[in-house]
Amino acid sequence: CERHEVFFGKSYRNKSIKDGLIVFLTEEAHRGQNGVHGKNGAKLNNYLRKKGEEAWLKYYKKTKEEFKERFGKNYL
């Protein structure tokens, strides 16, 4: 398995790690053509972001606005 930060990129990767928004994916689901970083991975990536936002809101008891402040946009 490979670790994937649900919200990645220069400014969000560390926040994802700090907030526990990581998942473990197979190599194919992570870097394969249909994986989150692959050519056809948008559907899986969007699904993980949606579930990540839902989990963050519930766990931290925060609002969508607070999520947007932390991660740049909402995915719900």
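Residues numbered from 1 in each chain as written. Predicted model: local features only at pLDDT ≥ 70, side-chain atom pairs only at ≥ 80, totals over all residues. Heavy atoms only, no water.

1. Some remarks on the overall build of the protein
Move 1: The secondary structure content of the protein amounts to four helices and two strands.
Move 2: Its helices and strands in sequence order give the protein the pattern β-α-β-α-α-α, from N to C terminus.
Move 3: Scaling as 2.2 N^0.38, a compact globule of 76 residues should have a C-alpha radius of gyration of about 11 Å, and the protein matches this with 12 Å.
Move 4: The dimensions of the protein, computed from C-alpha atoms along their principal axes, are 35 × 20 × 20 Å.
Move 5: Per-residue burial over the protein gives 33% buried out of 76 residues. (Helix = DSSP H or I, 4+ residues; strand = E, 2+ residues; numbered from the N terminus. Rg over C-alpha atoms; globule rule 2.2 N^0.38 Å. Buried < 20%, exposed > 50% of the residue type's maximum accessible area, 1.4 Å probe, protein only.)

2. Looking at the packing of aromatic side chains
Move 1: In the structure shown here, the tally under the stated rule is 10 aromatic pairs.
Move 2: Ring centres of Phe7 and Tyr75 lie 5.4 Å apart, and the angle between their planes is 40 degrees; on these two criteria the pair is classed as tilted. Placement of Phe7 in the loop between β1 (2-5) and α1 (13-19) and of Tyr75 in the segment after α4 (64-71) is noted, with a sequence separation of 68 residues between them. In this structure, Phe7 and Tyr75 share a single accessibility class: buried.
Move 3: The interplanar angle of 85 degrees and the centroid separation of 4.8 Å between the aromatic rings of Tyr59 and Tyr60 together place this pair among those described as edge-to-face.
Move 4: Here Tyr60 falls in the partly exposed class, since its relative accessible area comes to 31%.
Move 5: One aromatic cluster in this structure is built from Phe7, Tyr12, Trp56, Tyr59, Tyr60, Phe67, Phe71 and Tyr75. (Phe/Tyr/Trp six-rings, centres within 6.5 Å; stacked < 30°, edge-to-face > 60°.)

3. Section: the nonpolar core
Move 1: Judged by nonpolar contacts, Val6, Phe7, Leu21, Leu25, Val36, Leu48, Trp56, Leu57, Phe67, Phe71 and Tyr75 together constitute the single largest core of 11 residues.
Move 2: Elements with a minimum of two residues in this core: α3 (42-60) and α4.
Move 3: Sorting elements by how many residues they give to this core places α3 first, with three residues.
Move 4: Setting aside its immediate chain neighbours within four residues, Val36 contacts His4, Leu25, Ala29, His30, Gly41, Leu44, Asn45 and Leu48. (Core = buried A, V, L, I, M, F, W, Y, C linked by side-chain atoms within 4.5 Å. Contact = heavy atoms within 4.5 Å.)

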